[in-house]
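Next come the chains, spelled out residue by residue.
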Amino acid sequence: MAKLSVSWCFSLLQIFGFLAIGSSAREEIGIYELKQGNLSVKLTNYGAHIISLVVPDKHGKLGDVLLGYDTIEEYKNDSSSFGATVGRVGNRISGAQFTLNGTLYKLIANDGKNTLHGGPKGFSKVVWTVKKYSPEGQTPHVVFAYHSFDGEQGFPGDLRAIVVYKLLGDNKMSITMKAKALNKATPVNLINHAYWNLGGHDSGDILSEEIQIFGSHYTPVDAQLIPTGKVVTVKGTPYDFLRPRTVGSMFSKLAAGYDINYALDGSDEQKLKKAAIVHDKKSGRVMEISTNQPGVQFYTSNTLYQKGKGGFTYKPHAALCLETQGFPDSVNHPSFPSQIVNPGESYKHYMLFKFSNL
């Protein structure tokens, strides 16, 4: 349900600027609901998570299509990043280090020898400031902000980050992630890590859902899921979803499922481009995702085994993730699109989700 009370004085302080470094630790953790028509979304400022998205099926029946938990405490102990905002650099950085402007930066490894989703206490594990909450009107929205300090999880420079969740009418939701480097150059790759099951979060696996991915190339990985540096065609591989087909149609040619970055077609990051379309035939629900980012990580929750909402146990392939992003490990691959934001420069990641029925 919507957060019941928001202090006007506190809101004014937030509107006119970020709180001081470290002040987010004193911010109250709350749940914030946005609702417009038949679409409703619940969010929390803990990790700037999206915790539910309820939308009708072809018969008008409402259902929650996001995996997650019933309590904030469960999100605090979560290792799957259900619905989280991950950063400062989402996805993997090889060897938990990178060199920038002649300086070697050593990060905290939390995925073997590598850093995953910003480290063990990345942006998904901190309390964000609520800058604005408007649950009603033409564009219900909430704005979360976080000030990441110089050296946090090993990353250079102070960084101001904002995440805006907004409902736009006609069963559309946008997520906008912005960041500004204050005093040092730093890599930035903020990602939304929602786990989707259009049949409903407790409906079973997603292998029969139909998906189309608008990427004619992908970035191959090694055994540790670190990109090799190559960008190759999907033609003739199990990664070819240029035409719609079911998620599980070529699982027999894979070790466990999908966990791969696609280079999206269309190179202009200033323009919105389609990333993927997913269709669940049983419920009729359709989700279309567009973004300004160069890549999308397609992940089929291959190792998932977790008790979630209502005590339902989520098992492998219970959901799919479509994480629009910069390419993984870009800081160690000069040929990949750069994620470096210099002092005074801004980063922007825009996502548009459209829901409908067939």
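Computed from a predicted model, the values in this text were never measured in an experiment. (Residues numbered from 1 in each chain as written. Predicted model: local features only at pLDDT ≥ 70, side-chain atom pairs only at ≥ 80, totals over all residues. Heavy atoms only, no water.)

## As for the overall build of the chain
Phase 1 of the analysis: Helix and strand counts for the chain stand at two helices and 28 strands.
Phase 2 of the analysis: Against the compact-globule benchmark of 21 Å for 358 residues, the chain has a radius of gyration of 19 Å, which places it among compact chains.
Phase 3 of the analysis: Judged by the C-alpha coordinates and their principal axes, the chain covers about 50 × 50 × 35 Å.
Phase 4 of the analysis: A buried classification covers 57% of the 358 residues belonging to the chain.
Phase 5 of the analysis: For the chain, contacts bridging at least 24 residues in sequence account for 67% of all contacts bridging at least 6.
Phase 6 of the analysis: Entry remark: accessible area of the chain is about 15,200 Å², with carbon and sulfur atoms responsible for 52%.
Phase 7 of the analysis: For the chain, the distance from the average position of its 37 positive side-chain charges to the average position of its 30 negative side-chain charges is 2 Å. (Helix = DSSP H or I, 4+ residues; strand = E, 2+ residues; numbered from the N terminus. Rg over C-alpha atoms; globule rule 2.2 N^0.38 Å. Buried < 20%, exposed > 50% of the residue type's maximum accessible area, 1.4 Å probe, protein only. Contact = heavy atoms within 4.5 Å. Areas by Shrake-Rupley, 256 points an atom, 1.4 Å probe, with all protein chains shown as cover. Lys, Arg positive; Asp, Glu negative; His and termini not counted. Charge placed at Lys NZ, Arg CZ, Asp CG, Glu CD.)

## Describing the sheet that holds strand 4 (residues 62-64)
Phase 1 of the analysis: In space, the four strands of this open sheet follow the order 1-2-3-4, with antiparallel pairing throughout. With partners counted over all chains shown, the strands left at the sheet margins are strand 1 (31-36) and strand 4, one partner each. Neighbour to neighbour, the strand axes of the sheet diverge by 15° on average, direction disregarded.
Phase 2 of the analysis: Here strand 3 (residues 49-56) pairs with strand 4 via three bridges, running antiparallel. Its bridge partner lying in strand 4, Val54 is registered against Asp64. (Pairing = 2+ DSSP bridges. Axes fitted to C-alpha atoms, helices over the stretch in contact; angles between N-to-C directions.)

## As for the sheet that holds strand 12 (residues 159-169)
Phase 1 of the analysis: Within the open sheet, the nine strands sit side by side as 10-11-12-13-28-22-21-16-19. Their pairing is antiparallel. The sheet is open, and its two edges are formed by strand 10 (129-134) and strand 19 (245-246), each paired on a single side.
Phase 2 of the analysis: When strand 16 (residues 210-213) meets strand 21 (residues 273-279), the two strands line up antiparallel, connected through four bridges. Bridge pairing in strand 21 links Gln212 to Ile277.

## Some remarks on the side chain of Thr176
Phase 1 of the analysis: Mapped onto the elements of the fold, Thr176 is located in strand 13 (residues 172-181).
Phase 2 of the analysis: Looking at Thr176, the relative accessible area reads 12%, which means it is buried.
Phase 3 of the analysis: Setting aside anything within four residues of it in sequence, one finds Thr176 in contact with Ile162, Val163, Val164, Lys348, His349 and Tyr350.

## Some words on unusual backbone geometry
Across residues other than glycine, the phi torsion is negative in most instances, and most of the peptide bonds are trans.
Phase 1 of the analysis: Note that the residue after Gly87, namely Arg88, is joined by a cis bond; omega there is 10°.
Phase 2 of the analysis: Structurally, Arg88 is set in the loop between strand 5 (84-86) and strand 6 (92-93).
Phase 3 of the analysis: Notably, Ala48 is not glycine yet its phi reads approximately 50°, a positive angle.
Phase 4 of the analysis: Looking at the secondary structure, you find Ala48 in the loop between strand 2 (39-44) and strand 3.
Phase 5 of the analysis: Among the residues examined, Ala48 registers a relative accessible area of 0% and is labelled buried.
Phase 6 of the analysis: The residue Asn91 is not glycine, and still its phi comes out positive at about 65°.
Phase 7 of the analysis: Here Asn91 is to be found in the loop between strand 5 and strand 6.

## Some remarks on the packing of aromatic side chains
Phase 1 of the analysis: Going through the model one piece at a time under the given rule, you end up with 23 aromatic pairs.
Phase 2 of the analysis: Ring geometry for Phe82 against Tyr314: centres 5.8 Å apart, planes inclined by 90°, an arrangement best described as edge-to-face. One end of the pair, Phe82, is in the loop between helix 2 (72-76) and strand 5; the other, Tyr314, is in strand 25 (residues 313-314), and 232 residues separate them in sequence.
Phase 3 of the analysis: Here Tyr314 falls in the buried class, since its relative accessible area comes to 0%.
Phase 4 of the analysis: Across from the ring centre of Phe241, 3.7 Å away, lies the NZ or CZ of Arg245, which sits over that ring. (Phe/Tyr/Trp six-rings, centres within 6.5 Å; stacked < 30°, edge-to-face > 60°. Lys NZ or Arg CZ within 6 Å of the ring centre and 35° of its normal.)

## Quick look at the layout of surface pockets
Phase 1 of the analysis: Considering only enclosed or pocket space, the largest pocket measures out at about 910 Å³ in volume.
Phase 2 of the analysis: Every element with two or more residues in the lining of the largest pocket is listed here: strand 20 (259-263) and strand 23 (295-299). (1 Å grid on protein atoms, 1.4 Å probe; cavity = no way out; pocket = protein on both sides within 12 Å on 5 of 7 lines; lining within 4 Å. Points joined across faces, edges and corners; volume = space filled by probe spheres on them.)

## Here we look at the confidence of the model for the chain
Phase 1 of the analysis: Averaged over all residues, the pLDDT of the chain is 93; the fraction at 70 or higher stands at 92%.
Phase 2 of the analysis: Low confidence marks residues 1-25, where pLDDT is under 50. Its contacts with residues over four positions away, or in another chain, come to 35 contacts. (pLDDT = per-residue confidence, 0-100.)

## Topic: the nonpolar core
Phase 1 of the analysis: Core analysis: the largest hydrophobic core is formed by 63 residues, its most contacted members being Leu53, Trp196, Tyr262, Phe298 and Leu322.
Phase 2 of the analysis: Grouped together as the second largest cluster of nonpolar side chains are 15 residues, Tyr69, Phe82, Val127 and Leu304 included. (Core = buried A, V, L, I, M, F, W, Y, C linked by side-chain atoms within 4.5 Å.)

## Digging into the UniProt feature "active site" (unreviewed entry) in the chain
Phase 1 of the analysis: In the UniProt entry, the feature "active site" (unreviewed entry) is given for His193 and Glu323. Across 131 residues, the annotated set stays spatially compact, with a maximum C-alpha separation of 6.0 Å. Those annotated residues that line the largest pocket are His193 and Glu323.
Phase 2 of the analysis: Residue placement: His193 occurs in strand 15 (residues 191-193).
Phase 3 of the analysis: Judged by its relative accessible area of 5%, His193 falls in the buried class.
Phase 4 of the analysis: Once residues lying within four places of it in the same chain are set aside, the contact partners of His193 are Ser80, Ser81, Phe82, Gly83, Ala84, Val86, His117, Cys321 and Glu323.
Phase 5 of the analysis: The topology assignment puts Glu323 in strand 26 (residues 321-325).
Phase 6 of the analysis: A relative accessible area of 2% places Glu323 in the buried class. (UniProt positions renumbered as here; feature names shortened; annotations may be inferred.)

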